[in-house]
Amino acid sequence: MSTAVLEVKDVQKIYGKKGESQSHALKGVSLTIEKGEFVGIMGPSGSGKTTLLNVISTLDRPSAGFIQIAGTNITQMRQNQLADFRSQKLGFIFQDFNLLENLTVYENIALPLSLQGVPSKEISAKVNKVAQTLGISEILQKYPVQISGGQKQRAAAARALVHEPAILLADEPTGALDSKNAKSLLETMADLNENHQVSIMMVTHDAFSASYCKRILFIQDGSLYTEIHRTTDRPQFFKQILDVLAELGASHDG
Amino acid sequence: MLLKLSLSSMRKMMKDYLVLLVGLVISISIFYMFQTLGMNDDYVKANSMIRSIGIVFNVGAFLLAFITIFYIFYANSFLLSLRRKELGMYMVLGAKKARISQMLFGETLLMGVVSLVIGSLVGIVLSSGIGQLLMGVLDISADGYYPFYLPALWMTWGFFLVLFLMTATINAIRLARATELDLISAEQQNDNIKAKGIGTMVVAILGILLIAFGYYLLTHLELYVALGFIVGAIVTTIGTYLVFISLLPVFVQMLKNNKKLNDRQLNAFTLAQLRFRINNLTKILGTVAMLIALGVGAMAGGLAFQQNVELVASIGRIYDITLHDPVAEDYQALARMQVLEQNTYRYKKDEQAYYFTKDDLLAHPPLISTNTMEQYSPDNEPKRVTQPLPEKAYIMNNDPDEEQKLARVPKEWGQAILREFISSYEMLADRAVQIVDQETYAKIEGSEHKVLVAQVDDFLKYKDDLKAMDERQMKLLKSGQQDDQEVYLNSKYSTYQQVYAFTSGTLFMGFFLGIAFLAMMASCLMFKILSGATRDKGRYSMLRKIGVRKELLVGSIYKELFVVFVFPALMGLLHVLVGMKMFSVILLNPYVNIWAPIAIFVAVYAIYYLITVRLYRGIVLPKEV
């Protein structure tokens, strides 16, 4: 039995119409993420990592190929099915938090549950639980403008996790945080992964963030370049990442 | 270069400018049409019937102008606010402020001239179409009426050009005062959520009390007259604003505090959007409510006047027909009608008086009305004169200084003669009226005449015959008068016709005034909502990302804007319903067919609502893959 939570096979993404100048953002990418993995996707800007994330998160459709998340093929789904799928199976963390600033932290976190028609009482219990896990119980009644960047990202993480998604997709989650808050968030994510069995796929170009992952895929020019596993401690892994990045840069220059 | 920039940015904002343009064109064309009707002296003189309407149209034009001033200022400041960032960018790039001010000045003026050209054209078309239609309805000849009337055109252009110059100047000054940084960071102001405390409740209660007090004054105008009207109008207006400032935000907060409701689907988001919007829109919502009240009020008022014509014409006069010395054609016409009652009375006439015979009167006592302008009820049935006439002779309408030899004509008989028999004040002139017995009557020298009064089943069925009868009566009257003296007939048909012309004019004006108000008001609301739309864009795209179905987002937009639109509408309509009671001082029944103007309003308003939702959707909802 396969325990893959995400399966991507030969996915291509071509922008521009046939006959016109086309750009191949993804040139046949295949990857698999097992349940409980913490995978990083790295690559220079323009390498196609954001496109890959968009395709996986069902926000964009692949031109060719096949994507399966939690046993469901998402490439053939209709608009509304995709929306429902996103709201039930996926959790998102964005670089700029994407909290609704006119809702309280509580309401922001409750939103995915409200959308699924969960009764008010149950929502309350679940929100409080996830808030406790992420250490933001104190600020539930505050508005996003009243809290710090680190707290905002925790709130966003809480919203991404509250409905227990199959996989958490993070797009440069530390991009807008200072180093202290970034470290704290990454530690939390690692903890969620290890102690709560949350599967995570994180796109980043920051080697330090990536060093918290267990496995890292490198993309260049729309294709998978290489893949490394964390076998040593984190600082060692960090160096390993830097080496690959240097290699990538060299191949760029050459 | 700046000219190029300015043109290209205007093109980009075509949609917003189009909304402004439509509002302006409607206002200008209706203003022009009112002017063609109100200013054309030759035409007005040629039709004595519409002399009174001329005044109505001038009042209408004034009201329209007044509201238009506010509209133009508002719309322009809105457009300026939309472009602040862009203008600031030009300045940062090194464009001189004076040049940008100039550019803005030119733009505002250009906009004005374009709307004036289109507005005048539409106005001319409107006048030739609808103006003629009005005359057809009123049965007035259109001779001397020109849809293209130069003085009216001058007036329209003069008035609006001054207005546009003023706004252009104010816009330029406003820009000159702002710094580059002000302009660039214009969009980054956060939506603050103000804490609502006990103060808000106090304001809300105060608002409700003020409205209640205003309503009381306006519905008891017979007690407080002009002062009541002024104070009532002011108090109601202030109350309306207070309610929108305080009560509505409290109401939305209450909905939001209902956890069960708030936790369902997108409700938390919809309510949050609504709360922010209502906090932002309090003043404009108050204004919209007042404009709705004015617009619908104008329509309903005009209609109420028109619907009351028949009632007004029937108050004083029971008999539908009064004929002096009827001729063969009159009898033929009568034969064609279904006559319920018909009486003929002999009378003699000399230089001093009219003499009616007691015998004829007592043989067929006439009906008189029991309604008066002051006291009207549809249940007041006409009654037959029953007062006895024991004396030999009675007199009335004589010079009070004259020696009082004769008894006064009893009140009921007097009413019968003056209101039912005599068909024109000019006919009576300085003559007295006497009721005498047969013996006295026989002795009186003077021409003998007869008057025929008749009641038919429905006098509106026989308008053509009645019109011909009145024309023959008019000829008869004029033959006995000095030349050139104007004569007015007071027959039921003529009264009806006069009141009908006046009230149709009022209805016509009220209708167009209402449409113009509504168009301006709805576009104000639209502007305000759309100006915040760019800020909402991020929220909707984020919701879409976390997997909210498109229908849910669209539904949320519909709900949110519906509440924003519906509250001022309800408030405005309530004002109208209560306000119409004011007219009961002048009108018999101000509420006849009140559904019609309300239906028109709801239709126009709904169209603006749907357009706003569409435009808003276009801005905030992300494009689908």
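Bear in mind that the values here come from a model prediction, so they are computed numbers and not experimental data.

*Asks:* Which residues make up empty space enclosed by the protein, and what values go with them?
*Replies:* All names here are of chain B. Within this structure, the stated rule accounts for six cavities of 30 Å³ or more. There is about 100 Å³ of room inside the largest cavity. Surrounding the largest cavity, Tyr17, Leu20, Asn76, Leu79, Leu80, Arg83, Leu104, Glu107, Thr108, Met111 and Asn171 form its lining. Of all elements in the fold, only α2 (14-39), α4 (51-92) and α5 (97-138) reach the threshold of two or more residues within the lining of the largest cavity. Grouping the amino acids of the lining of the largest cavity by side-chain chemistry returns six nonpolar, three polar and two charged. Of the pockets and cavities examined, the second largest cavity occupies roughly 70 Å³.

*Asks:* Provide a residue-level description of the nonpolar core, including the pertinent values.
*Replies:* By size, the foremost hydrophobic cluster in this structure holds 138 residues, and its most contacted members are Leu6(A) and Met201(A). When residues of this core are assigned to their parent elements, the largest contribution, 20 residues, is made by helix α11 (residues 267-307) of chain B. Of the residues that make up this core, three or more belong to each of domain 1 (1-189) and domain 2 (190-317 + 494-625) of chain B. Aside from chain neighbours lying at most four places away, what touches Met201(A) is Leu6(A), Ile33(A), Val39(A), Ile41(A), Leu53(A), Ile56(A), Ile167(A), Leu168(A), Leu169(A) and Ala170(A). Counting residues in hydrophobic clusters, the runner-up holds 50 residues, among them Tyr106(A), Ala157(A), Ala160(A) and Ala170(A).

*Asks:* For the interface of chain B and chain A, give the residues involved together with the corresponding values.
*Replies:* Every contact between the two is made by 30 residues of chain B and, on the other side, 28 residues of chain A. Summed over both sides, the interface of chain B with chain A buries roughly 2,600 Å², with 55% coming from carbon and sulfur. For the pair chain B and chain A, the number of links is one salt bridge. A salt bridge links Arg549(B) to Asp84(A); its shortest N-O distance comes to 2.5 Å. At the surface where chain B touches chain A, the tally comes to three residue pairs in polar contact (both at pLDDT 80 or more). Breaking the side of chain B that touches chain A down by element, the ones donating at least two residues are α10 (259-262), α11, α20 (533-545) and α21 (550-579) of chain B. Here the residues of the side of chain B that touches chain A sort into eleven nonpolar, five polar and 14 charged.

*Asks:* Before we move on, can you summarise the sheet that holds strand β1 (residues 4-15) of chain A with the specific residues and values?
*Replies:* Residue and element names in this part refer to chain A. An order of β2-β1-β4-β5 is seen for the four strands of this open sheet, with the pairing classed as antiparallel. Either end of the sheet is taken by a strand with one partner, and the two such strands are β2 (23-34) and β5 (72-73). Note: β1 against β2, nine bridges, orientation antiparallel. Paired with Tyr15 across the bridge in β2 is Ser23. Against the sheet, helix α1 (residues 49-56) touches β1, β2 and β4 (64-69), its axis set at about 60° to β2.

*Asks:* Please give an account of a nonpolar patch on the surface that cites residues and values.
*Replies:* Residues and elements named next belong to chain B. The grouping of Leu7, Leu110, Val113, Val114, Val117, Ile118, Leu121, Val122 and Leu161 at the surface amounts to a nonpolar patch, some 640 Å² of accessible area in total. Among the elements that take part in the nonpolar patch, α5 stands out by supplying seven residues, more than any other. Its place among the elements puts Val113 in helix α5.

*Asks:* Tell me what's going on with the confidence of the model for chain B, and back it up with residues and numbers.
*Replies:* With 84% of its residues at a pLDDT of 70 or more, chain B has an overall mean of 77. Low pLDDT, under 50, characterises residues 186-193 of chain B; the stretch is placed with ten contacts to residues that sit more than four places away or in other chains.

*Asks:* Quick one: what's the story with the side chain of Gln473(B), residue by residue and with numbers?
*Replies:* All names here are of chain B. In this structure, Gln473 sits in helix α18 (residues 463-479). Judged by relative accessible area, Gln473 falls into the buried class, the value being 5%. Beyond its immediate sequence surroundings of up to four residues, Gln473 is in contact with Thr322, Leu323, His324, Ser423 and Leu489.

*Asks:* An account of the pattern of salt bridges is requested, with residue identities and associated values reported.
*Replies:* One pass over the full model with this rule turns up 14 salt bridges over all chains. Across the pair Arg336(B) and Asp465(B) runs a salt bridge, and its minimum N-O distance is 3.0 Å. Residue Arg336(B) is located in helix α13 (residues 328-336), and its partner Asp465(B) is located in helix α18; the two are separated by 129 residues in the primary sequence. Judged by its relative accessible area of 18%, Asp465(B) is buried. Connected through salt bridges with shared partners, the residues Glu37(A), Arg215(A) and Glu227(A) form a single ionic network.

*Asks:* Hey, could you go over the pairing of strand β9 (residues 215-220) of chain A for me, with residue numbers and the actual values?
*Replies:* The side chains of a regular strand alternate between both faces of the sheet. All names here are of chain A. Of all six residues in β9, six are buried; the element is thus mostly enclosed. Neither face of β9 is exposed, since Arg215, Leu217 and Ile219 on one face and Ile216, Phe218 and Gln220 on the opposite face are all buried. Where strand β3 (residues 38-42) and β9 come together, four bridges link them in parallel fashion. In the strand pairing of β9, Val39 is matched with Arg215. Summarising the sheet, β9 and strand β10 (residues 223-229) pair through six bridges and their orientation is antiparallel. Residue Ile219 lies in a different strand from β10, and its bridge partner there is Leu224.

*Asks:* Describe in detail the sheet that holds β3(A), supporting the description with residues and values.
*Replies:* All names here are of chain A. Here six strands make up an open sheet; going across it, the order is β6-β7-β8-β3-β9-β10 and the pairing mixed. Each of the sheet's edge strands pairs with one partner strand only, and the pair in question is β6 (90-93) and β10. Sheet twist, expressed as the mean angle between neighbouring strand axes with direction ignored, is 20°.

*Asks:* Quick one: what's the story with the confidence of the model for chain A, residue by residue and with numbers?
*Replies:* Note: predicted coordinates in regions of low pLDDT should not be interpreted at a detailed level. Of the residues in chain A, 97% have a pLDDT of 70 or more, and the chain-wide mean is 81. Ranking the helices and strands of chain A by mean pLDDT puts strand β8 (residues 200-203) of chain A first, with 88, and helix α8 (residues 234-253) of chain A last, with 77.

*Asks:* For unusual backbone geometry, give the residues involved together with the corresponding values.
*Replies:* Residues and elements named next belong to chain A. Non-glycine residue Asp10 carries a positive phi angle of around 50°. Checked against the element boundaries, Asp10 lands in strand β1. Its identity is not glycine, yet Ala70 carries a phi of approximately 50°, on the positive side. Mapped onto the elements of the fold, Ala70 is located in the loop between β4 and β5. Accessibility expressed as a relative area gives 37% for Ala70, which makes it partly exposed.

*Asks:* Outline the packing of aromatic side chains, listing residues and values.
*Replies:* Counted by the stated rule, this structure contains 19 aromatic pairs over all chains. Taken together, a centroid distance of 5.1 Å and an interplanar angle of 15° make the contact between Phe31(B) and Phe159(B) stacked. Pair noted here: Phe31(B) is in helix α2 and Phe159(B) is in helix α6 (residues 150-177), with a separation of 128 residues, a long-range link. Ring centres of Phe356(B) and Phe421(B) lie 5.5 Å apart, and the angle between their planes is 40°; this geometry places the pair in the tilted category. With a gap of 65 residues between them, Phe356(B) in strand β3 (residues 353-357) and Phe421(B) in helix α15 (residues 411-421) connect regions that are remote in the sequence. By relative accessible area, which is 0% here, Phe421(B) ends up buried. Taken together, Tyr558(B), Phe562(B), Phe565(B), Phe601(B), Tyr605(B) and Tyr609(B) form an aromatic cluster joined through their ring pairs. Above the plane of the ring of Tyr212(A) lies Arg234(A), whose end atom (NZ or CZ) is 4.5 Å from the centre. The lysine or arginine in question, Lys348(B), covers the ring of Tyr441(B), its NZ or CZ lying 4.8 Å from the ring centre.

Thresholds applied
- Residues numbered from 1 in each chain as written.
- Chains lettered and ligands numbered in written order.
- Predicted model: local features only at pLDDT ≥ 70, side-chain atom pairs only at ≥ 80, totals over all residues.
- Heavy atoms only, no water.
- 1 Å grid on protein atoms, 1.4 Å probe; cavity = no way out; pocket = protein on both sides within 12 Å on 5 of 7 lines; lining within 4 Å.
- Points joined across faces, edges and corners; volume = space filled by probe spheres on them.
- Helix = DSSP H or I, 4+ residues; strand = E, 2+ residues; numbered from the N terminus.
- Nonpolar A, V, L, I, M, F, W, Y, C, P; charged D, E, K, R; others polar.
- Core = buried A, V, L, I, M, F, W, Y, C linked by side-chain atoms within 4.5 Å.
- Buried < 20%, exposed > 50% of the residue type's maximum accessible area, 1.4 Å probe, protein only.
- Domains from an automatic or database assignment.
- Contact = heavy atoms within 4.5 Å.
- Buried area = accessible area lost by both parts, 1.4 Å probe.
- Salt bridge = Lys/Arg side-chain N within 4 Å of Asp/Glu carboxyl O.
- Polar contact = N/O pair within 3.5 Å; in protein donor to acceptor, adjacent residues only side chain to side chain.
- Pairing = 2+ DSSP bridges.
- Axes fitted to C-alpha atoms, helices over the stretch in contact; angles between N-to-C directions.
- Patch = residues over 30% accessible without salt bridge, like charges linked within 9 Å, V, L, I, M, F, W, Y side chains within 5 Å.
- Areas by Shrake-Rupley, 256 points an atom, 1.4 Å probe, with all protein chains shown as cover.
- pLDDT = per-residue confidence, 0-100.
- Phe/Tyr/Trp six-rings, centres within 6.5 Å; stacked < 30°, edge-to-face > 60°.
- Lys NZ or Arg CZ within 6 Å of the ring centre and 35° of its normal.

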